[in-house]
Amino acid sequence: MGNDGSNLPEEIVRAIRQVVGEGDKALHEPVFKGREWDYLKECLDSGYVSSVGEFVTRFERALEEYTGAAHAIAVVNGTAALHIALLLAGVEADDEVLVPALGFIATANAVSYCGALPHFVDCEPLGLGVDAARLRDYLGDIAARRNGVCVNRKTGRVIRALVPVHLFGHISDMDALLAVAEEYGLRVIEDAAEALGSVRHGRHAGTWGQLGILSFNGNKIITTGGGGAILTDDEKLAARARHLTTTAKEPHPWRYRHDEVGYNFRMPNINAALGYAQLEQLPAFLQVKRRLFSRYEEAFSPLSGLRLLEEPGGCRSNYWLQTLVLNEDMAAWQEQILEHAWKQGLMLRPAWELLNRQIPYRHMPSMPVVVAESLQQRIINLPSGVVQEAAHE
Ligand SMILES: *Cc1c(COP(=O)(O)O)cnc(C)c1O
């Protein structure tokens, strides 16, 4: 179908309706069709709903088994997981941390909680991950490796770490990013908040860097209500993560002695009970999400002027949020498409405002983020919840 855009909003809504059926459709909602009630009852009956109890350990072991990480530490949310992971990676006050401009604000906020500054970098036009080649060129221009650390020659600050974000569940080009990090002495902390269930060359998201994090917020692929996890293969870092997230208390049955300023970030047992039931359903959720992608692919195939975001080569993505990318000459239609869809009860969402434009981060260092700027005006997320599939069963 030729397309000057004039009927694009209607065509897009029609295509989405083919997939999700009638009625109001949220972007993503949780599904509780497993053993949630059983485990929650077991948790309540045990009397342990808070920071002590078996479900946290069971959930952590199940996460380790599923992701292949040697250690998973369950915490109160993904942002707290990022905060602790950054501290564990050695991020200090006044450091800079490389963060993609196209992403959710939690990543930059966690950097700020460490007293460090996010330094924004651009993304790839196809896969949306941090663009490794352009990052290498940029660091060549502004940074130098001195005594094993990367120094920003303009600001004089240490650039301590890189946080790749696996947007919408698609894993960034980790081989290339790890090579740049190695070259410049950067620590790598993966923000895999959106990518539980995604693998690249058979390796799970969040297990490529020194540390990785997951989120189990209500809109993620599985939920604990609120929750997150730190992943690492390093036993010492794992022990320190447990210590820091449980108020840095020295182990003792009744004495309360703390050896540093710790955090009350451990996941409560009742949230872990929910998560344990959800994790059991993850393989089924992943299948549904792949089918949903195929349905959208089919429904959108007659339309021109746009593409559906596909998993990168070598990856098997969790397709957390289905993503439409308008062609550059169609960008002007983004607003009308959103408006038209919302009027019809379809709660589509544009990509986040770029982080380098958010009020707290306007004056932070940034490379030119031309690709992120362009994509931000062209991305539209589609209803992606596992419930959408129910319309077809
Ligand atoms: C959801 C999300 C987070 C934060 O997780 P919370 O559990 O909501 O704190 C961080 N980064 C990204 C990319 C996310 O999507």
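Procedures and definitions
Residues numbered from 1 in each chain as written. Predicted model: local features only at pLDDT ≥ 70, side-chain atom pairs only at ≥ 80, totals over all residues. Heavy atoms only, no water. Salt bridge = Lys/Arg side-chain N within 4 Å of Asp/Glu carboxyl O. Buried < 20%, exposed > 50% of the residue type's maximum accessible area, 1.4 Å probe, protein only. Helix = DSSP H or I, 4+ residues; strand = E, 2+ residues; numbered from the N terminus. Pairing = 2+ DSSP bridges. Polar contact = N/O pair within 3.5 Å; in protein donor to acceptor, adjacent residues only side chain to side chain.

Asker: Hey, could you go over the pattern of salt bridges for me, with residue numbers and the actual values?
Answerer: Taken as a whole and assessed by the stated rule, the structure comprises 16 salt bridges. For Arg-35, the salt bridge identified is with Asp-38, shortest N-O distance 3.7 Å. On the accessibility criterion, Asp-38 (44% relative accessible area) is partly exposed. Among the salt bridges present, the one from Glu-64 reaches Arg-61, with a minimum N-O distance of 2.8 Å. Of this pair, Glu-64 and Arg-61 both sit in helix α3 (residues 54-67), separated by three residues, roughly a single helical turn. Residues participating in the shared-partner salt-bridge network are Glu-60, Arg-61, Glu-64 and Arg-242.

Asker: Any chance you could break down the pairing of strand β5 (residues 149-152) for me, citing the residues and the numbers?
Answerer: With four bridges joining them, strand β4 (residues 143-146) and β5 adopt antiparallel strand pairing. From the neighbouring strand, Ala-143 faces β5, where its bridge partner is Asn-152. Where β4 folds back on β5, the antiparallel hairpin that results is connected by two residues, among which Asn-147 adopts a positive phi of roughly 50°. Between the end of β5 and the start of strand β6 (residues 158-162), which pair antiparallel, lie five residues, with Gly-156 showing a positive phi angle near 80°.

Asker: Help me get a handle on the sheet that holds strand β8 (residues 199-200), residues and values and all.
Answerer: Read across the sheet, three strands follow the order β9-β8-β13 without closing on themselves; strand pairing throughout is antiparallel. Both outer strands of the open sheet, β9 (203-204) and β13 (315-316), are each paired with one neighbouring strand and no more. Bridging between β8 and β9 involves two bridges; their strand directions are antiparallel. Paired with Val-199 across the strands is His-204, a residue of β9.

Asker: For helix α4 (residues 78-88), give the residues involved together with the corresponding values.
Answerer: Counting buried positions along α4 gives nine out of eleven residues, so the element sits mostly inside the fold. Two to three positions downstream of the cap, the backbone nitrogen of Thr-79 sits 3.1 Å from a side-chain oxygen, assigning the N-cap of α4 to Asn-77. Positive phi shows up at Gly-90, right after α4, with a value of about 95°.

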